[in-house]
Amino acid sequence: MSPLTLTARDAPPADDGPTRRLAPVQPRTMVEQAAEAVVAAAARGAFLPGDRLVEAEIARDLGISRVPVREALRLLESQGIVASTPYKGMRLMQVTSRGVAELSRVRAALEALALREIIAAELGRDGLDLARRAADMHERALSHADPAAVVAADVAFHGELCRLSGNAALHALWMGLARQLCVVWGLGQGVRESATIVAEHHALLDRLVEGDAVGAVASLESHIAWHESFDFEAAIEARRRKRR
């Protein structure tokens with residue numbers, strides 16, 4: 001979730017000669033932090049889908065200049081988190097129940113493949129240790145009041161499952177969806193009982209330890225099925241009324 005960007009100023013000097021075709025890529029640390037701050041604010045409900053994201057206001061709140069904020073918004077636009085409309089500026093992605101259902105089906109397909117590849121690799125209990133730690137971290141996050149922390153921990157758990165698949169392309173595709181999932185999952189905080197979510201994470205891990213591919217995929221499908229029935233548009237409207 002920390003992509004690097006390459007801009008015109010990264011181009012190598014003209015006198016570098018033919019041996020150096022590309023300049024070293026430098027991490028945009030402040031840009032990445034600004035992008036994460038915007039996504040976390042969306043997960044908390046500070047920004048709702050369709051809200052205008054004002055560069056100057058974000059820079060002021062973060063205590064940084066407008067330049068990294070501008071680059072962060074462009075980065076988020078490339079990831080589908082932010083949409084730019086002529087004469088209307090940058091706005092947080094729109095969220096509809098249909099759009100969430102479509103996103104969920106793509107995410108489910110990627111994670112189901114990850115589960116099958118984990119089982120094929122025969123990682124066993126020890127090989128799944130990092131995933132179990134991620135599940136435990138998510139459980140601890142649920143005891144705090146910050147929805148962004150809960151969402152981040154949930155993303156970390158499911159992202160770890162995709163990483164453990166050993167399929168780099170799969171993991172990269174999933175991470176490309178991760179920030180959109182953060183926005184969506186933020187809207188769904190409090191919909192389901194925390195204990196149920198925790199139990200489902202551990203049931204999924206148990207199926208993986210047992211090498212039960214069918215059971216693992218069934219556990220995953222049951223875990224994410226609520227997205228199909230939840231009215232995200234009504235939830236957004238309720239939040240708008242609450243903050244007026």
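Residues numbered from 1 in each chain as written. Predicted model: local features only at pLDDT ≥ 70, side-chain atom pairs only at ≥ 80, totals over all residues. Heavy atoms only, no water.

### Side note on the layout of surface pockets
Selection rule: Cavity means a closed set of points on a 1 Å grid over the protein atoms alone, one where a 1.4 Å probe fits but cannot get out, pocket means an open set with protein on both sides within 12 Å along at least 5 of 7 lines, and lining means a residue has an atom within 4 Å of a point. Grid points are joined across faces, edges and corners, and a volume is the space filled by probe spheres set on the points. A helix here means a DSSP run of H or I that spans at least four residues, while a strand means a run of E at least two residues long, and both kinds are numbered starting from the N terminus.
Taken as a whole, the largest pocket encloses approximately 320 Å³ of empty space. As for the largest pocket, its lining consists of 21 residues, and the residues nearest its centre are Val150, Asp154, Gly188, Gln189 and Ile197. In terms of residues, the lining of the largest pocket owes the most to one element, helix H7 (residues 147–164), which gives four residues.

### Examining helix H4 (residues 97–120)
An α-helical turn contains 3.6 residues, so any two residues separated by three or four positions project in the same direction. The following threshold applies: Helix span, as expected, comes to 1.5 Å for every residue beyond the first.
An ideal rise of 1.5 Å per residue puts 34 Å on 24 residues; H4 measures up with 34 Å between its terminal C-alpha atoms. Positioned one or two residues after H4, Glu122 has a phi angle of 55 degrees, which is positive.

### So, the pattern of salt bridges
Definition in use: Just to be clear on terms, a salt bridge is a Lys or Arg side-chain nitrogen sitting within 4 Å of an Asp or Glu carboxyl oxygen. Under the scheme applied here, a residue whose accessible area is under 20% of the maximum for its type counts as buried, over 50% as exposed, and between as partly exposed, the area being computed with a 1.4 Å probe on protein chains only.
For the structure on display, the rule yields 16 salt bridges. Measuring nitrogen to oxygen at the nearest pair gives 2.8 Å for the salt bridge that ties Arg70 to Glu55. One end of the pair, Arg70, is in helix H3 (residues 66–78); the other, Glu55, is in helix H2 (residues 55–62), with 15 residues separating them in the sequence. Residue classification places Arg70 among the partly exposed positions, given a relative accessible area of 30%.

### With respect to helix H8 (residues 168–187)
Definition in use: Any pair of nitrogen or oxygen atoms within 3.5 Å is treated as a polar contact; in protein, a donor-acceptor pairing is required on top of that, and neighbouring residues in sequence qualify only through side-chain atoms on both sides.
Between its first and last C-alpha, H8 extends 29 Å over 20 residues, near the 28 Å set by a 1.5 Å rise per residue. Where H8 begins, one side-chain oxygen reaches toward the backbone nitrogen of Ala169, 3.2 Å away; that side chain belongs to Asn167.

### Description of the side chain of Asp51
This is how it is decided: In what follows, a contact means two residues having at least one pair of non-hydrogen atoms within 4.5 Å.
Position of Asp51 among the secondary structure elements: in the loop between helix H1 (29–44) and H2. When sequence neighbours within four positions are dropped, the list of residues in contact with Asp51 reads Ala46, Met90, Arg91, Leu92, Arg240 and Arg243.

### Focus: the packing of H7 against helix H9 (residues 194–210)
Going by this rule: Axes here refer to lines fitted to C-alpha atoms; in helices the fit is confined to the stretch in contact. Angles between the N-to-C directions go from 0 to 180 degrees. In these notes the angle categories are as follows: under 35 degrees is roughly parallel, over 145 is roughly antiparallel, 65 to 115 is roughly perpendicular, and the rest is oblique. Handedness of each helix crossing follows the sense of rotation of the near helix against the far helix: counterclockwise by less than a right angle gives left-handed, clockwise gives right-handed. The classification used treats Ala, Val, Leu, Ile, Met, Phe, Trp, Tyr, Cys and Pro as nonpolar, Asp, Glu, Lys and Arg as charged, and all other residues, Gly among them, as polar.
Viewed as axis vectors pointing N to C, H7 and H9 meet at an angle of 10 degrees, and their least axial separation amounts to 12 Å. Judged by the inter-axis angle, H7 sits roughly parallel to H9. In terms of crossing hand, the pair formed by H7 and H9 is left-handed. Contact with H7, carried on its side by Asp154, Phe157, His158 and Leu161, involves His201, Leu204, Leu205 and Leu208 of H9 and no other residues of that element. Residues that form the contact of H7 with H9 fall into these classes: five nonpolar, two polar and one charged.

### Focus on unusual backbone geometry
Phi at Tyr87 is positive, roughly 70 degrees, even though this residue is not glycine. Here Tyr87 lies in the loop between strand S1 (82–85) and strand S2 (89–92).

### What about the packing of aromatic side chains?
Selection rule: Classification of ring pairs uses Phe, Tyr and Trp, with its six-membered ring standing for Trp, and accepts pairs whose centres are within 6.5 Å; under 30 degrees between planes counts as stacked, over 60 as edge-to-face, and the remaining range as tilted.
Tallied over the entire structure, the rule returns three aromatic pairs. The interplanar angle of 35 degrees and the centroid separation of 6.1 Å between the aromatic rings of Trp226 and Phe232 together place this pair among those described as tilted. Accessibility assignment for this pair places Trp226 and Phe232 in one class, buried. Note on Phe230 and Phe232: the rings are 4.7 Å apart at their centroids and 90 degrees apart in plane angle, and the pair reads as edge-to-face. Grouping aromatic residues by their ring pairs yields a cluster made of Trp226, Phe230 and Phe232.

Scope: geometric values only; no functional claims are made or implied.
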